[in-house]
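Examining the three-dimensional arrangement
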Amino acid sequence: MTFVPLKIVGKCVMDDDTLFSAMDFAIAKGFPEIKRMEPARDGVVAIIASGPSVAGQIDVIRKMQQAGTPLVAVKDAHDWLIENDIIPEFALAIDPQEHRWNCFKRKHEAVKYLIASQCHASMFEHLDGYDVTIWHPYITKGQTRPINRMVVGGGTTSGLRAISLFYTQGWRHFALFGFDSCNDGPSLRVNGDRIKADDKLHEVRIDLEGETFWCNAAMALQAEHFQTYYDAIPDAQFYGYGHGLIQSIIAKREKNLELLQQQKNELPDNRVSFIHFGNATSASWRYRANIPADGWATLNDLTAGTLVFAKPQANELMAMAAAKMQGKQVIVDFCDDHFDWTHYAEALRLADVVTCPTEAMQERIAELGKQATVIPDPFEYPECGPHSRGKNLLWFGHAVNKASLDRILPDLNDYPLRVVSNFAGAIPWSHETMLDEFMVADIVVVPATDEKKSANRVIESIRQGCFVVAEPHPAIKDFPGIWIGDIKEGIEWALQNQHEANRRIGKAQRYLKAKYTPRICRAMWKTITKLPTTSDAAKRTGTDG
């Protein structure tokens, strides 16, 4: 869609120092604050501004509230709603001028007032004794005040900043009333305010052949900034009520999206790309992206029709949401239980299909309300003959697993031990180093870690011909030929039964070839990328994909 732009620059009516001083005042008063991003939630929030068209929507607003939709009154819409016997759940203001307390003349004890901390002290004095919560607006590039607090960015107007604020609180569906961003004859707002005599009006169209709207500078700038929200928060959905410039932008966007989806259905994009932030030093990059993609998919190509986000990062959420807006399939692969992190919870919500490397992780994801398909980590190292001939021990892994090594160290004092990791004092990891260390080692010790972790360390040790002595763990419970139990007892058994230990290594290697080869795992990924939904994927492929 082409929006005819206007060369208009917005500027706050107060200088930055005045605004920051106001913030300090509000914080010192001890009001409750909105402090953090919340996970995405279901449902619609109605944000009601005071554009003239809202007058014709009063019955719609009343019915929405009766159906359970929370109402947010933006400044002057607050008094207008109350005059019409509708008490909004929230009211919001951001303007810093002293007189702007007057937008809440009909203050009400049932309303939660969300007041920007930059507002004048007169606003807080006016609302003394009422339910007030403050939030901190983004003011200027490189902003460092207020210290250690979340700031809310967005457009130049209270209405746009209301969208931003409620987005941070988990809302993704926004019913917009009175967001006309244009005048209706001489009317400026539903409360009777009129356009000023010296206010210059601009002719604006959403495309060269579209309807003409007449806007002052602030209205035109708001409409232009509103369009940036489609990129800034692409997983948001907007529903415009009434008639105006912004409502027309929403309608045009929806029409374009329908055309895009129709084109996709007619000519589907079958390309698949694995998205991962890391490189070869990261195990998840190798096992969950590079090896699975080899020969049929790409890495980090966000233009592909199916995107597999492996080990999702916070800065990838927007790419996921944008992909879904474009009709792409989003698969998210979880190899760690970090679902207490906001971005993990949000990535799980956005996923069309969910994958993971273990049954224990699959069970954890099921607890969160989604079905996941298990695709195990493939092996990457070549197979070497069994060579457990002595008592040389090897432990390798990431520093996050160091505690498991420290726990068993007292039992390893009588044996030569080499440690490969990324913590101080260990042998630095590399692919070549691991090949050398595997050849030197007779026995690899694997103390238990998080039960949802994959078996890749055990698998690679077996592939390289080492005898594995491991503590019990769900991912290796069915592995033949390895010692599962007490670490010290397993080491002593291997030393006393070297021929049998090497025979068991061969048995374990044969087991791995039937389940963990890259070819088998790639086939599972190829299958899952063609599935349309998480639930259907789980039904069709079962536990192991």
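To keep things clear, this report deals only with the structure shown in the data block. Just so we're clear, the structure is a prediction, and the values are computed from it rather than from any experiment.

Analysis parameters
Residues numbered from 1 in each chain as written. Predicted model: local features only at pLDDT ≥ 70, side-chain atom pairs only at ≥ 80, totals over all residues. Heavy atoms only, no water. Phe/Tyr/Trp six-rings, centres within 6.5 Å; stacked < 30°, edge-to-face > 60°. Buried < 20%, exposed > 50% of the residue type's maximum accessible area, 1.4 Å probe, protein only. Salt bridge = Lys/Arg side-chain N within 4 Å of Asp/Glu carboxyl O. Helix = DSSP H or I, 4+ residues; strand = E, 2+ residues; numbered from the N terminus. Disulfide = S-S within 2.5 Å. Contact = heavy atoms within 4.5 Å. Pairing = 2+ DSSP bridges. Axes fitted to C-alpha atoms, helices over the stretch in contact; angles between N-to-C directions. Expected span 1.5 Å × (residues − 1). Arc of directions from axis to C-beta.

1. Looking at the packing of aromatic side chains
To describe a pair of aromatic rings, you give the distance between the ring centres and the angle between the ring planes. A full pass over the atoms with the stated rule returns 23 aromatic pairs. With 5.5 Å between their ring centres and 70° between their planes, Y230 and F238 make a pair best called edge-to-face. The two residues Y230 and F238 agree in class, both being buried. Note on W341 and Y344: the rings are 5.7 Å apart at their centroids and 80° apart in plane angle, and the pair reads as edge-to-face.

2. Some words on the pattern of salt bridges
Tallied over the full model, the rule gives 35 salt bridges. Residues R286 and E380 are paired through a salt bridge, measuring 2.7 Å at the closest nitrogen-oxygen approach. In this pair, R286 is assigned in helix α8 (residues 283-293) and E380 in the loop between β16 (372-374) and β17 (393-396), connecting sequence segments 94 residues apart. One salt bridge connects D336 with K453, and the closest N-O pair in it is separated by 2.7 Å. With D336 in the loop between β14 (329-333) and α10 (342-350) and K453 in the loop between β19 (443-446) and α14 (456-463), this pair connects stretches of sequence that are 117 residues apart. By relative accessible area, which is 7% here, D336 ends up buried.

3. Thoughts on the state of the cysteines
Taken as a whole, this structure holds zero disulfides when the rule is applied. In this structure C384 is a free cysteine whose sulfur lies 8.5 Å from that of C466, the closest cysteine sulfur available. The partly exposed category is assigned to C384, whose relative accessible area is 22%. Free cysteine C521: the closest other cysteine sulfur is in C356, separated by 13 Å. The buried category is assigned to C521, whose relative accessible area is 1%.

4. Here we look at the side chain of H78
Here H78 shows up in helix α3 (residues 77-83). Using a relative accessible area of 0% as the deciding quantity, one classes H78 as buried. If near-sequence neighbours (up to four positions away) are discounted, H78 is found in contact with A73, A91, C103, F104, R106, K107, H108, V111 and Y113.

5. A short note on the sheet that holds strand β21 (residues 483-484)
On the basis of which strands lie adjacent, the open sheet formed by five strands has the order β18-β17-β19-β20-β21 and parallel pairing. Edge positions in the sheet fall to β18 (417-420) and β21, since each of these pairs with one other strand and no more. As paired strands, β17 and β18 are joined by four bridges and run parallel to one another. If you follow F396 over to β18, its bridge partner there is V420. Contacts from helix α15 (residues 487-496) reach β17, β19, β20 (467-470) and β21 within the one sheet, and its direction differs from that of β20 by about 155°.

6. Things to note about helix α1 (residues 16-28)
Helical geometry note: an α-helix holds 3.6 residues per turn, so side chains three or four residues apart project in the same direction. Its 13 residues place the ends of α1 18 Å apart at the C-alpha level, agreeing with the 18 Å of an ideal helix rising 1.5 Å per residue. Here α1 has its buried residues at L19, F20, A22, M23, A26 and I27. The arc that holds every buried residue of α1, seen down its axis, measures 155°, which confines them to one face. Turned more than 90 degrees away from the buried face of α1, the exposed residues are D17 and A28. Where α1 is buried, its residues meet α4 (121-126) and β5 (131-137).

7. Points about the pairing of β5
Burial analysis of β5 places six of its seven residues in the buried class, the great majority of the element. Across five bridges, strand β4 (residues 112-116) lies against β5 in parallel orientation. Bridging across to β5, A116 finds its partner in W135. As judged from the two bridges shared by β5 and strand β6 (residues 151-152), these two strands associate in the parallel manner. Paired with P137 across the two strands is V152, which belongs to β6.

8. Looking at the environment of L302
Tracing the backbone through its elements, the reader meets L302 in the loop between β12 (298-299) and β13 (306-310). Using a relative accessible area of 43% as the deciding quantity, one classes L302 as partly exposed. Between the C-alpha atoms of L302 and S273, which are 29 residues apart in sequence, the distance is 7.2 Å. If near-sequence neighbours (up to four positions away) are discounted, L302 is found in contact with I275, L307, F309, A319 and K328.

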